[in-house]
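# Fold and geometry: a report
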Amino acid sequence: MLNSYSRKEDICTHLGDDYERYLGAIVPPIFQNTLFTQKTSDQGYSYTRESNPTIEIAEKKIAALEEGEAAKCFSSGMAAVSAAVMHWLSKDDHIICIKSVYPRARELLDSYLRKFGIEITYVSGAAVEEFEQAIQPNTKLIYLESPSSLIFAMQDLAAVAKLAQAYGIATVIDNTWATPLFQNPLNFGIDMVIHSATKYLGGHSDILGGAIVSRAEVLEELNFRERGLFGAVMDPHQAWLLIRSLRTLPVRMLQHQQSSLAMATFLERHEAVSQVFYPGLPSHPQYELGQKQMSGYSGVMGFIVNRSYEQIMEALRGLKLYEIGPSWGGFESLIGPMKVDEQLAWHLGIPQGAGLVRISVGLEHIDSLIGDLEQGLNGLV
Ligand SMILES: *Cc1c(COP(=O)(O)O)cnc(C)c1O
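Residues numbered from 1 in each chain as written. Predicted model: local features only at pLDDT ≥ 70, side-chain atom pairs only at ≥ 80, totals over all residues. Heavy atoms only, no water.

## Remarks on the pairing of strand E7 (residues 210-214)
- With five of five residues buried, E7 is to be regarded as a mostly interior element.
- Of the two faces of E7, the one carrying Gly 210, Ile 212 and Ser 214 and the one carrying Ala 211 and Val 213 are both buried.
- Pairing of strand E1 (residues 70-74) with E7 involves five bridges; the strand directions are antiparallel. Within the sheet, the bridge partner assigned to Ala 70 lies in E7 and is Ser 214.
- In this sheet, E7 lies alongside strand E6 (residues 192-196) in antiparallel orientation, the contact comprising four bridges. (Buried < 20%, exposed > 50% of the residue type's maximum accessible area, 1.4 Å probe, protein only. Helix = DSSP H or I, 4+ residues; strand = E, 2+ residues; numbered from the N terminus. Pairing = 2+ DSSP bridges.)

This is the structure we're talking about:
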């Protein structure tokens, strides 16, 4: 399936164009149909829950970007997460997961899967020995997210993959933060990569989506079982918008990276900020590891201000260029204080009630973004 495009920019702009097939249209059309008639010809398509030419273009691009054999797209990132996890697990199995995992993924593993008798052990993920010590005879899956949600902690992908292979344990990683442009975990021996396409891959805050990349054989089985049976496939129109978004992914990510390094440096120097969580800062405790396994940094970071949630919210409400809202990875800058309750504090390894703020650096001019935030933060010194 791999093609003549090996550079990521070329994959994003042109892979799957197939002008001959689509009457020379510069943008391939949307196959917005559920079924394919079989009377006159069999083109290999039958029902959109199984396969569809528009969805396949998005899948080809994502597989090539991740340097994987194949990809499957889902209706949301969580649809991809749940299909991936269910693929590897059976009743009474055990999972090892990192503590600072995306909170909804944690709920799936921790509460929902308990009804199938599945056990879970959390590790910080900072040292490979933690994973080894957590292994039990029924351990079937190691679930990673590197850099992770909210504190952007990293795991040594090559070392964890090697350990897991030695014990016959599958490895899955949520690679949403780094995007396939900045990190390709399959090359380190990880079995399966998940993306929420709602974030940078979509990039315009107008589509939900998810993807899984793995070996073709694994995905073929997953397509009939977890994607086909649970039915959370991507819609063709969603796929068409995703293809549109992928064309500009490389330029968007370059800008997010450049602005975010400037933003993180500004935050680190500001008096009101006691700690910054950003893997691209040389002061990040795992900076070397990040340099080893990533080729760039995206635009979401966290920082701590020693003030209450309400005080921080009050100061941030006055900002002009930032909206306060969930999600991230779009063109727009977002900021928001997080409520660090006892459970979240344990998962993140920070004090309960800490003034944690998450920021998603958008595509506005960086001088405007820093100027606006400086005004707000000056009130919190
Ligand atoms: C948003 C997110 C998800 C879930 O994706 P949805 O598309 O919202 O379902 C999974 N993992 C990470 C790291 C995320 O940020």
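## Observations regarding the sheet that holds strand E8 (residues 273-277)
- With antiparallel pairing, four strands are arranged side by side in an open sheet as E8-E9-E11-E10. At either end of the open sheet lies a strand with only one pairing partner, and these are E8 and strand E10 (334-337). Here the strands of the sheet are splayed against their neighbours by 20 degrees on average, with no regard to which way each runs.
- Pairing of E8 with strand E9 (residues 300-305), which is carried by four bridges, proceeds in the antiparallel orientation. When the sheet's bridge partners are listed, Val 273 is paired in E9 with Val 305. (Axes fitted to C-alpha atoms, helices over the stretch in contact; angles between N-to-C directions.)

## Section: the site of the ligand
- Around the ligand sit Ser 76, Gly 77, Met 78, Tyr 102, Glu 145, Ser 149, Asp 174, Ser 196, Thr 198, Lys 199, Gly 209 and Trp 328, and that is every residue in its neighbourhood.
- Here Gly 77 contributes a backbone N or O atom positioned 2.8 Å from an oxygen atom of the ligand.
- Residue Asp 174 places a side-chain N or O atom 2.6 Å away from a nitrogen atom belonging to the ligand.
- Calculation on the ligand without its partners gives an accessible area of 380 Å², and the protein chains cover 91% of this total.
- Partitioning the shell around the ligand into residue classes produces three nonpolar, six polar and three charged. (Near = heavy atom within 4 Å. Polar contact = N/O pair within 3.5 Å; in protein donor to acceptor, adjacent residues only side chain to side chain. Areas by Shrake-Rupley, 256 points an atom, 1.4 Å probe, with all protein chains shown as cover. Nonpolar A, V, L, I, M, F, W, Y, C, P; charged D, E, K, R; others polar.)

## Observations concerning the packing of helix H10 (residues 249-269) against helix H14 (residues 366-378)
- Put simply, H10 and H14 touch, their axes get as near as 10 Å, and they point 25 degrees apart. What the angle tells us is that H10 and H14 run roughly parallel. As for the relative orientation of H10 and H14, their crossing is right-handed in sense. Note on element contacts: H14 touches H10 through Ile 366, Leu 369, Ile 370, Leu 373, Glu 374 and Leu 377, opposite Ser 259, Ala 262, Met 263, Phe 266 and Leu 267. (Parallel < 35°, antiparallel > 145°, perpendicular 65-115°, else oblique. Left-handed = near helix turned anticlockwise from the far one by under 90°. Contact = heavy atoms within 4.5 Å.)

## Looking at the sheet that holds strand E2 (residues 94-98)
- Strand order in this open sheet of seven strands is E1-E7-E6-E5-E4-E2-E3, and the pairing throughout is mixed. Because the sheet does not close on itself, it has two edges, and the strands there are E1 and strand E3 (119-123). Averaged over all pairs of adjacent strands, the angle between strand axes in this sheet comes to 20 degrees, irrespective of strand direction.
- Helix-sheet contacts for helix H2 (residues 53-65) involve E1 and E7, and the interaxial angle to E1 is about 130 degrees.
- Docked against the sheet, helix H3 (residues 77-88) engages E1, strand E4 (139-145), strand E5 (170-174), E6 and E7, running at close to 160 degrees with respect to E6.

## Some thoughts on the pairing of E1
- The buried fraction of E1 amounts to five of the five residues, a majority that puts the element mostly inside the structure.
- Residues Ala 70, Lys 72 and Phe 74 line one face of E1 and the alternating positions Ala 71 and Cys 73 line the opposite face, and both faces are buried.

## So, the domain arrangement of the protein
- Split into domains, the protein comes out as domain 1 (8-246) and domain 2 (249-378).
- Its C-alpha centre places domain 1 at a distance of 26 Å from the equivalent point of domain 2.
- With 38 residues of domain 1 in contact, the opposing surface of domain 2 contributes 38 residues.
- Roughly 3400 Å² of surface becomes buried between domain 1 and domain 2 when both sides are summed, with 64% attributable to carbon and sulfur atoms.
- Inspection of the domain 1/domain 2 interface yields one salt bridge.
- Salt-bridge contacts for Asp 156 lead to Lys 292; the nearest nitrogen and oxygen are separated by 3.3 Å.
- Classifying every residue of the side of domain 1 that touches domain 2 gives 19 nonpolar, 13 polar and six charged. (Domains from an automatic or database assignment. Buried area = accessible area lost by both parts, 1.4 Å probe. Salt bridge = Lys/Arg side-chain N within 4 Å of Asp/Glu carboxyl O.)

## Re the packing of aromatic side chains
- Scanning the entire structure with this criterion turns up eight aromatic pairs.
- Against the face of Trp 346 rests Lys 99, its NZ or CZ located 4.3 Å from the ring centre.
- One Lys or Arg, Arg 227, reaches over the ring of Phe 74 and ends 6.0 Å from the middle of that ring. (Phe/Tyr/Trp six-rings, centres within 6.5 Å; stacked < 30°, edge-to-face > 60°. Lys NZ or Arg CZ within 6 Å of the ring centre and 35° of its normal.)

## Observations concerning the pattern of salt bridges
- Taken as a whole and judged by the stated rule, the model has 13 salt bridges.
- In this structure, Lys 8 engages Glu 67 in a salt bridge whose closest nitrogen and oxygen atoms are separated by 3.6 Å. Here Lys 8, found in helix H1 (residues 8-14), pairs with Glu 67, found in the loop between H2 and E1; they are 59 residues apart in sequence, far enough to count as distant.
- Connected through salt bridges with shared partners, the residues Glu 221, Arg 225 and Glu 226 form a single ionic network.

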